[in-house]
Amino acid sequence: MRVIYLLLLTLFAGLAQAQVYIFGDSLSDTGNLASIQGNFPNPPFYNNRVSNGPVAVETLAQLLGGSANASLYLTGPEQGTNYSVAGATAGGERPIDLLTQVGAFLQNHAGAAPADNVYVIFIGGNDVRGARDNADYFAGRKSLTAAVSKVNTAAHMLLAAGAKKLMFVNVPDIGSIPETKLLAAAKQDWLLTYKASDLTRNYNRKLREIVENLEKEQNADYVYFDLFSEFNHLLSDASALGYTVTDSACFSSQTFQFNASCQYGQAFDQHVFFDEIHPSAITHKRAGWAMAAQAPK
């Protein structure tokens, strides 16, 4: 793994450094939720990340020559470039949700989004989880259409302010996360995992359409990063990558207890998942490498 990392560093060494601004949820939050809720227990959480180590966007930002420190926009002036908040949705209207994140960024930058920065929109997992839990399947799908529409609005806000380098990260398969499997077992609803996967694909398909339409409008190329496929490939190759547990969490964020297979945190690197929803640090790192390889230049 270190060899791959060094190769990526070499690849990006000759490129101009870019600051990376991130809008998202718990898959990329580096401390914004903790700034209003209180610090997460460390360990097993790592510096207020919902994982046991740095998250994917931190690897991405580092390889691009920037950083992904929390902006702390919920409590005061901007301190970093990461506006992601754990629990955020694309479709919501709360102070932690996508459009508020982008609005706060623009307010902090006098309405300007400098063209040389990279802007990452990495959100939608909580919208898909909400649709999964909706007893009305078609209402759930409709909510995802509304969520993607707000991603489109957020992108137009950034483009109108001057942004040129946009990266859209789609949603990993919600049908594959331990939470969905636990819910299916508790409800004895063995179709729930298929429903969650179908809804994830639905959201991702709509997101790709948004990106393609933006490219036509702007006569530009934007990055659509297919985390869904990357994640499923990782699950398929898990044993070759050193994982021994792919379908259950190392640590439970519901009970605040370790599963036996995790050996009280000593076996995090053998687990794909940190908790019922979120990847372990090693999984994040691999995702960050893949994102960096496709990042806007």
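Scroll up for the structure.
To start, this report covers the structure provided alongside it. (Residues numbered from 1 in each chain as written. Predicted model: local features only at pLDDT ≥ 70, side-chain atom pairs only at ≥ 80, totals over all residues. Heavy atoms only, no water.)

1. Topic: the pairing of strand E2 (residues 118-122)
Keep this limit in mind: For every residue, the accessible area (1.4 Å probe, protein chains only) is compared with the maximum for its type, and the residue is labelled buried under 20%, exposed over 50%, or partly exposed between those bounds. Only DSSP runs of H or I covering at least 4 residues are called helices, and only runs of E covering at least 2 are called strands; the numbering of each starts at the N terminus. Any two strands with at least two DSSP-identified bridges between them are counted as paired.
Burial analysis of E2 places five of its five residues in the buried class, which makes it a mostly covered element. Residues of E2 alternate between two faces, with Val118, Val120 and Phe122 on one and Tyr119 and Ile121 on the opposite face, all of them buried. Pairing analysis gives five bridges linking strand E1 (residues 20-24) to E2, with the strands arranged parallel. Across the sheet, Ile22 pairs through a bridge with Val120, a residue of E2. Where E2 lies against strand E3 (residues 165-169), five bridges are found, and the strand directions are parallel. Within E3, the position partnered with Phe122 by the bridge is Val169.

2. So, the pairing of E3
Where burial is concerned, most of E3 is hidden: four out of the five residues are buried. Bridge count for E3 against strand E4 (residues 223-225) is three bridges, and the pairing is parallel. In the strand pairing of E4, Phe168 is matched with Tyr224.

3. Comments concerning the environment of Gln101
One can find Gln101 in helix H4 (residues 98-108). Remark: the alpha-carbon pair of Gln101 and Asp275, spanning 174 residues in sequence, is separated by 25 Å.

4. Quick look at the sheet that holds E4
Here is the rule: To obtain each axis, a line is fitted to C-alpha atoms, and for helices this fit is confined to the stretch in contact; angles are then taken between N-to-C directions over 0 to 180 degrees. Contact criterion: two residues are considered in contact whenever any of their non-hydrogen atoms come within 4.5 Å of each other.
Taken in spatial order, the four strands make up an open sheet running E1-E2-E3-E4, and their pairing is parallel. Sheet topology places E1 and E4 at the edges, where each strand pairs with a single neighbour. Pairs of neighbouring strands in the sheet enclose a mean axial angle of 20 degrees, with direction left out of account. Taken strand by strand, helix H10 (residues 281-294) contacts E2, E3 and E4, and its axis lies near 160 degrees from that of E4.

5. Thoughts on the packing of helix H5 (residues 125-133) against helix H7 (residues 178-187)
Heads up, the rule is: Orientation labels follow simple angle bins: below 35 degrees gives roughly parallel, above 145 gives roughly antiparallel, 65 to 115 gives roughly perpendicular, and whatever is left gives oblique. Each residue gets one label: Ala, Val, Leu, Ile, Met, Phe, Trp, Tyr, Cys and Pro are nonpolar, Asp, Glu, Lys and Arg are charged, and the others, such as Gly, are polar.
Close contact between H5 and H7 brings their axes to 12 Å; oriented N to C, the two are set at 10 degrees. Relative to H7, H5 is oriented roughly parallel. Here Arg129, Arg132 and Asp133 of H5 come into contact with H7, specifically with Glu179, Thr180 and Leu183. Residues of the contact of H5 with H7, tallied by class, amount to one nonpolar, one polar and four charged.

6. Some details on the state of the cysteines
The line we're drawing: Two cysteine sulfur atoms form a disulfide, by the criterion used here, when they sit within 2.5 Å.
All told, the structure shown has one disulfide when counted by the stated rule. The partner cysteine of Cys250 in its disulfide is Cys262, sulfur to sulfur 1.3 Å. Of this pair, Cys250 sits in the loop between strand E5 (245-249) and strand E6 (251-252) while Cys262 sits in the loop between strand E7 (257-258) and strand E8 (271-273), and the two are 12 residues apart along the sequence. Residue Cys250 shares its accessibility class with Cys262, and that shared class is buried.

7. Overview of the environment of Gln263
Locating Gln263 in the fold gives a position in the loop between E7 and E8. Taking the C-alpha atoms as reference points, Gln263 and Ala146, separated by 117 residues in sequence, lie 42 Å from one another.

8. Points about the nonpolar core
Selection criterion: Among buried residues, those of type Ala, Val, Leu, Ile, Met, Phe, Trp, Tyr and Cys that are joined through side-chain atoms within 4.5 Å constitute a nonpolar core.
Among the nonpolar cores identified, the biggest contains 61 residues, and Phe23, Ile121, Phe168 and Tyr203 are the most heavily contacted of them. A per-element tally of this core places helix H6 (residues 137-160) first, with eight residues. In terms of nonpolar packing, the next biggest core, distinct from the first, is built from 26 residues, Leu64, Met167, Val169 and Ala292 among them.

9. Describing the side chain of Asn126
Heads up, the condition is: Two N or O atoms form a polar contact when they lie within 3.5 Å of each other; inside protein one atom must be a possible hydrogen donor and the other a possible acceptor, and for residues adjacent in sequence the pair counts only when both atoms belong to side chains.
Here Asn126 lies in helix H5. Note on Asn126: relative accessible area 16%, which makes it buried. Reaching out from Asn126, the side chain makes a polar contact with the backbone oxygen of Ala88 at a distance of 2.8 Å. Each residue touching Asn126, except ones within four places of it in the same chain, is listed here: Asp25, Gly87, Ala88 and Thr89.

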